[in-house]
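Working through the structure, step by step
Each chain, letter by letter, is given below.
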Amino acid sequence: MSDCGPAAIVQFLWLIPALPIAASGVIALLKQPKRKAAARLSIGSLSISLILSLAAFAHVLTHWINLAAEKVHPVDALRETVNFTWLQFGTSTVDLGWILDPLSAVMLVMVSFVGLLIFIYSTGYMAHDENYTRFFCFLSLFAGAMLGVVISNSILLLFMCWELVGLTSYLLIGFWYHKPSAAAAAKKAFLTTRVGDIFFLLGIVWLFSSTGTLLFYNHGTGSLEGWALAGLLSQHAGLGLTAAGAIGLLIFAGAAGKSGQLPLHVWLPDAMEGPTPVSALIHAATMVAAGVYLIARVYPLMQAGALTGGTTTALTVVTWVGASTAVFAALIAVAQNDIKRILAYSTVSQLGYMMAGLGLGGVAVGMFHLITHAFFKALLFMGAGSVIHGIHEEQDVRRMGGLKVDMPVTFITYAIGMLALCGFPLVFSGFWSKDGILEAAQVAAATSVAKAPFYMLVFGALLTAFYMTRQVSYVFFGNYHGHKSAHESPSVMTVPLAILAFFAIALGAIGTPAWPWFRAFLEGRSAGFDLHGFAEPGLLALMATSSLVVFIGLGLGWRLYGNNTPKPEEPDALEKSAPWVWGVLRDKFYVDELYGVTVIAFYAWWARVADWLDRRVWGGAVACVTWAFGLWAQLNRFLDTNVVDGSFDKGCEELSNSGGLLARVQSGRVQTYLRILALAVVALIAILVWSARP
Amino acid sequence: MTPLTGYLLVAALLFAIGLAGALVRRNAILVLIGIELMLNAANLNFIAFWRYGPHPEALTGMMFAIFSIAVAAAEAAVGLGLVIAIYRHAQTTDLDKMNRMKG
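Residues numbered from 1 in each chain as written. Chains lettered and ligands numbered in written order. Predicted model: local features only at pLDDT ≥ 70, side-chain atom pairs only at ≥ 80, totals over all residues. Heavy atoms only, no water.

**Some thoughts on the overall build of chain A**
What chain A contains, in helices and strands, is 27 helices and 4 strands. Against the compact-globule benchmark of 26 Å for 694 residues, chain A has a radius of gyration of 36 Å, which places it well outside the compact range. With the C-alpha coordinates aligned to their principal axes, the bounding extent of chain A is approximately 145 × 65 × 55 Å. The buried share of chain A, reckoned over its 694 residues, is 52%. Contacts spanning at least 24 positions in sequence make up 77% of the contacts within chain A whose residues lie at least 6 apart. With an accessible surface of roughly 30,200 Å², chain A has 69% of that area assigned to carbon and sulfur atoms. Computed over 40 positive and 38 negative side-chain charges, the inter-centroid distance for chain A is 8 Å. (Helix = DSSP H or I, 4+ residues; strand = E, 2+ residues; numbered from the N terminus. Rg over C-alpha atoms; globule rule 2.2 N^0.38 Å. Buried < 20%, exposed > 50% of the residue type's maximum accessible area, 1.4 Å probe, protein only. Contact = heavy atoms within 4.5 Å. Areas by Shrake-Rupley, 256 points an atom, 1.4 Å probe, with all protein chains shown as cover. Lys, Arg positive; Asp, Glu negative; His and termini not counted. Charge placed at Lys NZ, Arg CZ, Asp CG, Glu CD.)

**Comments concerning helix 2 (residues 15-29) of chain A**
Residue and element names in this part refer to chain A. For helix 2, built from 15 residues, the straight-helix expectation of 21 Å at 1.5 Å per residue is met to within 8% by its first-to-last C-alpha distance of 21 Å. Of the positions making up helix 2, those classed as buried are I16, P17, P20, A23, S24 and I27. Projected onto a plane normal to the axis of helix 2, the buried residues spread over an arc of 130 degrees and lie on a single side. (Expected span 1.5 Å × (residues − 1). Arc of directions from axis to C-beta.)

**Topic: the environment of Y590 of chain A**
Residue and element names in this part refer to chain A. Among the structural elements, Y590 can be located in the loop between helix 25 (579-586) and helix 26 (591-665). Separated by 89 residues in sequence, Y590 and A501 place their C-alpha atoms 35 Å apart. Excluding anything up to four places from it in sequence, Y590 contacts G583 and V584.

**Considerations on the packing of helix 15 (residues 339-361) of chain A against helix 16 (residues 363-390) of chain A**
Residues and elements named next belong to chain A. Contact pair helix 15 / helix 16: the axes reach a minimum separation of 8 Å and the direction vectors enclose 175 degrees. The angle between helix 15 and helix 16 places the two elements in the roughly antiparallel class. Packed against helix 15, whose contacting residues are I339, K340, L343, A344, S346, T347, Q350, Y353, M354, G357, L358 and G361, the element helix 16 presents V363, V365, G366, H369, L370, H373, K377, L380, F381, A384, V387 and I388 at the interface. When the residues that make up the contact of helix 15 with helix 16 are grouped by side-chain class, the tally is 14 nonpolar, 8 polar and 2 charged. (Axes fitted to C-alpha atoms, helices over the stretch in contact; angles between N-to-C directions. Parallel < 35°, antiparallel > 145°, perpendicular 65-115°, else oblique. Nonpolar A, V, L, I, M, F, W, Y, C, P; charged D, E, K, R; others polar.)

**A word on the pairing of strand 2 (residues 92-100) of chain A**
Residue and element names in this part refer to chain A. For strand 2, a buried count of 7 out of 9 residues is recorded, marking the element as mostly surrounded by other parts of the structure. Pairing geometry for strand 1 (residues 80-89) and strand 2, over 9 bridges, is antiparallel. By the bridge assignment for strand 2, L87 is matched with V94. (Pairing = 2+ DSSP bridges.)

**Some thoughts on the environment of P566 of chain A**
All names here are of chain A. With respect to the element layout, P566 can be found in the loop between helix 23 (539-560) and helix 24 (573-577). Residues P566 and G401 lie 165 residues apart in sequence; the distance between their C-alpha atoms is 9.7 Å. When residues no more than four places from it in sequence are discounted, the contact partners of P566 are Y474, H481, P571 and D572.

**A look at a negative patch on the surface**
Residues and elements named next belong to chain A. A surface patch of negative charge is lined by D640, D645, D649, E653 and E654. Mapping E654 onto the fold places it in helix 26. Judged by relative accessible area, which is 44%, E654 ranks as partly exposed. (Patch = residues over 30% accessible without salt bridge, like charges linked within 9 Å, V, L, I, M, F, W, Y side chains within 5 Å. Salt bridge = Lys/Arg side-chain N within 4 Å of Asp/Glu carboxyl O.)

**A look at the interface of chain A and chain B**
At the junction of the two partners, chain A supplies 8 residues and chain B supplies 14 residues. A combined buried area of about 920 Å² lies between chain A and chain B, and 52% of that area is made up of carbon and sulfur atoms. The tally of links between chain A and chain B comes to 0 salt bridges. Where chain A meets chain B, there are 4 residue pairs in polar contact (both at pLDDT 80 or more). For the side of chain A that touches chain B, a count of residues per class yields 2 nonpolar, 4 polar and 2 charged. (Buried area = accessible area lost by both parts, 1.4 Å probe. Polar contact = N/O pair within 3.5 Å; in protein donor to acceptor, adjacent residues only side chain to side chain.)

**Some thoughts on the nonpolar core**
Residues and elements named next belong to chain A. By size, the foremost hydrophobic cluster in this structure holds 190 residues, and its most contacted members are M107, L301 and M367. Counting residues per element, this core draws most heavily on helix 16, at 17 residues. Counting 15 residues, the second largest nonpolar core, distinct from the first, contains I437, L438, V458 and L542. (Core = buried A, V, L, I, M, F, W, Y, C linked by side-chain atoms within 4.5 Å.)

**Overview of the layout of surface pockets**
In this model, the second largest pocket occupies a volume close to 670 Å³. Along the walls of the second largest pocket sit 25 residues, with V670 of chain A together with A28, I86, L95 and M98 of chain B positioned nearest its centre. Split into classes, the residues belonging to the lining of the second largest pocket amount to 14 nonpolar, 7 polar and 4 charged. (1 Å grid on protein atoms, 1.4 Å probe; cavity = no way out; pocket = protein on both sides within 12 Å on 5 of 7 lines; lining within 4 Å. Points joined across faces, edges and corners; volume = space filled by probe spheres on them.)

**A look at the packing of helix 6 (residues 155-173) of chain A against helix 11 (residues 276-285) of chain A**
Residue and element names in this part refer to chain A. In contact at an axis separation of 11 Å, helix 6 and helix 11 are set at 155 degrees when each is read in the N-to-C sense. Comparing their axes, helix 11 and helix 6 come out roughly antiparallel. The handedness of the crossing between helix 6 and helix 11 is left-handed. Contacts between helix 6 and helix 11 pair S169, L172 and I173 from the former with V278, I282 and H283 from the latter. Residue classes in the contact of helix 6 with helix 11 are distributed as 4 nonpolar, 2 polar and no charged. (Left-handed = near helix turned anticlockwise from the far one by under 90°.)

**Section: the packing of aromatic side chains**
Residue and element names in this part refer to chain A. In total, this model carries 31 aromatic pairs over all chains according to the counting rule given. Between F368 and F518 the ring centres are 5.2 Å apart and the planes differ by 40 degrees, which places this aromatic pair in the tilted class. One end of the pair, F368, is in helix 16; the other, F518, is in helix 22 (residues 517-523), and 150 residues separate them in sequence. When sorted by exposure, F368 lands in the same class as F518, which is buried. In this structure an aromatic cluster arises from ring pairing among F119, Y132, F135, F136, F175 and W176. Sitting over the ring of Y132, R35 keeps its end group 4.6 Å from the ring centre. Lying across the ring of W690, R693 places its NZ or CZ 4.4 Å from the centre. (Phe/Tyr/Trp six-rings, centres within 6.5 Å; stacked < 30°, edge-to-face > 60°. Lys NZ or Arg CZ within 6 Å of the ring centre and 35° of its normal.)

**With respect to unusual backbone geometry**
The omega torsion across L262 of chain A and P263 of chain A is 0 degrees, close enough to zero to call that bond cis. Phi is positive for Y590 of chain A, which is not a glycine, with a value near 60 degrees. Residue classification places Y590 of chain A among the partly exposed positions, given a relative accessible area of 38%. The phi angle at Q91 of chain B is positive, at roughly 55 degrees, despite the residue not being glycine. Following the sequence through the fold, Q91 of chain B ends up in the segment after helix 3 (60-90).

**Some thoughts on the side chain of S24 of chain A**
Residues and elements named next belong to chain A. Topologically, S24 is positioned in helix 2. Take S24: its relative accessible area is 5%, and that puts it in the buried class. Apart from the residues within four sequence positions on either side, S24 is in contact with C137, S140 and L141.

**Some words on the confidence of the model for chain B**
When pLDDT is averaged across chain B, the result is 88; 96% of the residues are at 70 or more. Two numbers describe this predicted complex: its pTM, 0.74, and its ipTM, 0.77. (pLDDT = per-residue confidence, 0-100.)

**Regarding the pattern of salt bridges**
Residue and element names in this part refer to chain A. All told, the structure shown has 10 salt bridges over all chains when counted by the stated rule. In this structure, the salt-bridge partner of R586 is D587, at a minimum N-O distance of 3.7 Å. Look at R586 and you get partly exposed, because its relative accessible area is 36%. Several salt bridges converge on common partners, so that one network encompasses K188, D270, R341 and D592.

**Here we look at the state of the cysteines**
For the coordinates displayed, the defined rule picks out 0 disulfides over all chains. For C161 of chain A, which is in no disulfide, the shortest distance to another cysteine sulfur is to C137 of chain A and amounts to 16 Å. (Disulfide = S-S within 2.5 Å.)

**Focus on the side chain of T464 of chain A**
All names here are of chain A. Summarising the element assignment, T464 is placed in helix 20 (residues 452-476). Judged by relative accessible area, T464 falls into the buried class, the value being 0%. A polar side-chain atom of T464 sits 2.6 Å from the main-chain carbonyl oxygen of G460.

Structure below.
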């Protein structure tokens, strides 16, 4: 870090989240019909944020290139922070701050870029909604809060923005609150993520009480730096965990809630009740990735105590949860019929991949998949939105079909997104990012006992290719099963699709084994173009395996569905061959029902108990107190009217009477006065004579 | 009984008659006359105490009496003026009916 303090771009990094939040505040004050002003404010503020993000990214990039040329150890040197004290309690301070390092720079650019495209897309998608201004108000608030999560250098600031993001997610899922399903989905999302957030908050409190600081990095005294980590490692939290591991697991619980990991994934598919741009921005590209980003941010904590090449309990948990989620959600996605729900389960599954990537291969592996996934999943969701828009709000894939003719741009871009998600070899970014995760899993399987995550992830890849082929076959091939005529969406919606499609392909170039630029950038190493990167033992075989798996998935899907998708009333091809399995998958492994009879039933019972207690016990106590006070008041009234008032009234009467007596003297008759005067003189003389007697 | 005592007795009698007149008569003019009698009783006392006092050659007592008579004349003029004004206002000189000056 330079001696003259952080550069101007770091000083003003806070503007990146502040601008959209300010825009949201202004839009909140606008009247409902000011649609154009609202859209302009949101898009304008986010554009400035994007420019600032790009400037910040360029700043980190030039820094990295300079340092790489000098061959200095640059991981810490690339990190620039601005910290300040927010509150002071006695001797402990609550510090906030922001950070610019490769990780946050990459995320900033991704969030503001994808966010801007989705904002522009929304002006088309939401064009006929009467609450257009409210939509952009929430969307801007979300973008600002998400950018806040990205730049936070304080776990408290991160948590505040994290909760703001959760709030806007709630508001936007329930945007069409007049639909009961949307209102219920919003509540479900809010409450489910809250379960994770409680653990997250516990982790924050524990971290603060153990290390005395909320900052991640603060010139050696932050909670993620050597001294604090050593302190956390020396504490034992029971169950064979160090404090670092326990805090890491608590934070992971928060991340699992936000990122829809098992067993807290139930809210994410229901969140598709929100408008499609919201699903694309919040529930595919950015917010749900916040959990992954959080784990990447606190990675030193998760990794603390690991021997070289080894792993920690926390990372093992992350890996297993991620891999299980990847397979579990992919299985469910096979048997869904709602175009957005398929994508939602796909998102859950891909988030599982990212978590597994973090657990197995480190920050760069998980983050690379996060970035590529953000682009192609936003593309897929916006493509789905375009389809839904084009066939008049129909979401059931069985009522679509043959749309490749009517919606060519949507079809081509959607196909690119789908192939990127499947990990189609060599051309698409998804192949490289997924391959990175699989490679890490393979390396981990070779060194440790647990080989299962690798096979789970490979199976998940097969399923991904299969269900995406099924979906595309249903939507774009075969015969159209809908009733209304389909039309292509306006260019304000298709142009963002094309831009995202371009990135869905191009981003692969920065993460191939021959030029692992992304990984080197995040890890602060220098990277050169070297085809020998492919020559690592087992890598080519792995690439061949994963390609094979993808082709099997695509082929299987095409064979089953291909050009002959069934009519809406006919059973699905899989349903015919294995109805029992199909039923289980269609009903999402009965997780919702399980929660219904366990957690929710328990809460319902407890609510009834609390209600009974409230009515009978507390209500009775309150009634008793009320009655006692009533009695006391009656007694007081009696005393007041009969004792206090009586004596007071009597006193008043006496005073009045004596006053009346004296008043009678002043009769107005001169001679009476004169008489009193004379009597007084006589009395005076009498006293004088009496006292002067000898 | 010295001559002074006699004068004083006459003066006291005169004062008592004047006081009684002022206190008991209803007519405002008669009350004024009673007050004049009391004034003259005081004048008689001045003259008597001067004439039989230690310095009868200094004309102090007589001076007092003359002043007093002058002031009494002015007072009688003002008093009669007031009585006439009251009479014009209330068509009576009965003091018992003049009781509107109470609080």
